[in-house]
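Residue-level structure breakdown
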Amino acid sequence: MTTTGPAHAAPRPPAALAEPVAPVRRGWIALLFSANLGLWMAFFTPIQILLPQQISAISPAGKENLLALVTGLGALAAVIANPLAGALSDRSTPRLGRRFFGRRHLWTAAAALLGAGSLALLAGQRAIAGVALAWVAAQFCLNAMLATLTAAVPDRVPVTQRGRVSGWIGIPQALGLVVGAVLVTTLVTGVRAGYLAVAAALLVLVLPFALLTPDDALPRTHRPPLRARALVASMWISPRAYPDFAWAWLTRFLVQTGNALGTLYLLYFLTDRVRHRDPEGGLLVLILLYTVGMMATAVLGGRASDRSGRRRIFVIISGVIMAVAALLLAIWPLWPVALVAALLLGAGYGVYLAVDAALITQVLPRAGDRAKDLGVINIANSAPQVLGPAISAPIVVYLGGYPTLYAVTAALTLLGSVLVLKIRTVP
């Protein structure tokens, strides 16, 4: 005779591994928004403004290739740091209280402190070798923090709320550059002061999330063994066993490669092709328009996706919009056209970030490896920063210049968004 009842029910997983069901509150979203704002300020303000200025002052004649070298090395560090930090946080079992220092927050706080120190070190560099080494250190720390912050969504947000939450935390990817640009062009002056201001903002914006929000501890009985060979092997996720995860990675990689090609040389594009009389001021205007477009669509797109239960169609529409924006720059390198393109690109990217981020959390292979698996996904964000400079520099210098660059941007973006149809388990 078979007996049923609570005594024979399957054991419940610990809170750190359980699928979340309780909606997160606005205060939690606001603190995660703030942490992401600090993170993306520290990512993009150097890449778009401070590094180009610093490198141009060191070597004006070779600025394009040197910027590509420095950002490429930094992105290579990101490719290593993101999944590694994610895997280590998946296995962390500190017991210093429920509200902080569970699996994730210790890593977030430590990475913020070390990342701020790396930016301060970068501020004093006057040789390309020093710039490269300090930027590699900064990228390693920032990507370790990205791994733990990204895992917060599948750790604590129910599936039915992920589109909207992903929309809110996607906005800082653009807003961080705007705030950072205002900070380093208006409130402080000079490259050195700019780096120090960004470092301070990183700490002020990130640490409250690590110190004031819950972070479930992983029971030691559920911690897999930490062996170097097994850890390295776990970075490979079989496309045959998890095809939807593989397609999600590839589509993100293609879109982000297009994005890397299209954004790396914007300051030089305005200077050398559009011939704007104030390239740095023009770049700030484009960033503002991009941010307006993104903020107008990110949360709305994520919410619409949550309500409809569909993800793929929103990703495709957003990719088409971004491809159109890139083609405008390829065909008409004029200032008024650049204004329209920036607004369109922001609108498309806002929807893409919100919905694709939610989609990815629904194809993760295992609850116990959320941060590591998202770190592998984040390689699709970081690797294009390595390939982007390697591809875009020869295109700009030898293979047709900026029209070819933005045409390739459009093609990659469109291909990446359409291939999302290969994902079968998410509508």
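Below: a short report on this structure.

What counts and what doesn't
- Residues numbered from 1 in each chain as written.
- Predicted model: local features only at pLDDT ≥ 70, side-chain atom pairs only at ≥ 80, totals over all residues.
- Heavy atoms only, no water.
- Helix = DSSP H or I, 4+ residues; strand = E, 2+ residues; numbered from the N terminus.
- Rg over C-alpha atoms; globule rule 2.2 N^0.38 Å.
- Contact = heavy atoms within 4.5 Å.
- Salt bridge = Lys/Arg side-chain N within 4 Å of Asp/Glu carboxyl O.
- 1 Å grid on protein atoms, 1.4 Å probe; cavity = no way out; pocket = protein on both sides within 12 Å on 5 of 7 lines; lining within 4 Å.
- Points joined across faces, edges and corners; volume = space filled by probe spheres on them.
- Nonpolar A, V, L, I, M, F, W, Y, C, P; charged D, E, K, R; others polar.
- Phe/Tyr/Trp six-rings, centres within 6.5 Å; stacked < 30°, edge-to-face > 60°.
- Buried < 20%, exposed > 50% of the residue type's maximum accessible area, 1.4 Å probe, protein only.
- Core = buried A, V, L, I, M, F, W, Y, C linked by side-chain atoms within 4.5 Å.

Quick notes on the overall build of the protein
Of the regular secondary structure elements, the protein holds 15 helices and 0 strands. A compact globule built from 427 residues should have a C-alpha radius of gyration of about 22 Å, and the protein, at 21 Å, falls within 12% of that. In terms of overall dimensions, the protein has C-alpha extents of about 85 × 45 × 40 Å along its principal axes. Long-range pairs, those at least 24 residues apart, make up 86% of the contacts in the protein between residues at least 6 apart in sequence.

Here we look at the pattern of salt bridges
Going through the model one piece at a time under the given rule, you end up with 12 salt bridges. Close ionic contact of Asp 216 with Arg 156 constitutes a salt bridge, the shortest N to O distance being 3.0 Å. Of the two residues, Asp 216 is situated in the loop between α7 (191-212) and α8 (228-234) and Arg 156 in helix α4 (residues 128-156); the sequence distance between them amounts to 60 residues. Asp 356 is the partner of Arg 252 in a salt bridge, and the nearest nitrogen-oxygen pair spans 2.7 Å.

What to know about the layout of surface pockets
The space that makes up the second largest pocket amounts to roughly 150 Å³. Lining of the second largest pocket is provided by Leu 84, Ala 85, Leu 88, Trp 107, Ala 110, Ala 111, Leu 114, Phe 140, Cys 141 and Ala 144. Counting only elements with at least two residues in the lining of the second largest pocket, the list comes to α2 (63-90), α3 (105-123) and α4. Here the lining of the second largest pocket is built from residues that sort into 10 nonpolar, no polar and no charged.

Thoughts on the packing of aromatic side chains
Aromatic rings in a pair are described by how distant their centres are and how their planes are angled relative to each other. All chains considered together, the criterion is met by 11 aromatic pairs. Note on Trp 40 and Phe 43: the rings are 5.0 Å apart at their centroids and 35° apart in plane angle, and the pair reads as tilted. Here Trp 40 pairs with Phe 43, and both are found in helix α1 (residues 26-58), just 3 residues apart, close to one helical turn. Each ring, one from Trp 40 and one from Phe 44, has its centre 5.3 Å from the other, and the planes form 20°; the classification is stacked. Residue Trp 40 and its partner Phe 44 are located together in helix α1, separated by 4 residues, close to a single helical turn. By relative accessible area, Trp 40 is classed as buried at 10%. For Phe 44, a relative accessible area of 21% translates into the label partly exposed.

Quick look at the nonpolar core
In terms of nonpolar packing, the biggest core is built from 96 residues, with Trp 28, Leu 119, Met 145 and Tyr 265 touching the most fellow members. Counting residues per element, this core draws most heavily on α1, at 16 residues. Ignoring sequence-local partners within four residues, the contact set of Trp 28 consists of Ala 152, Arg 156, Val 157, Val 165, Phe 209 and Thr 213. Tyr 290, Val 315, Ile 360 and Val 363 belong to the second-largest nonpolar core, a separate cluster that totals 28 residues.

Honestly, it's all geometry; don't read function into it.
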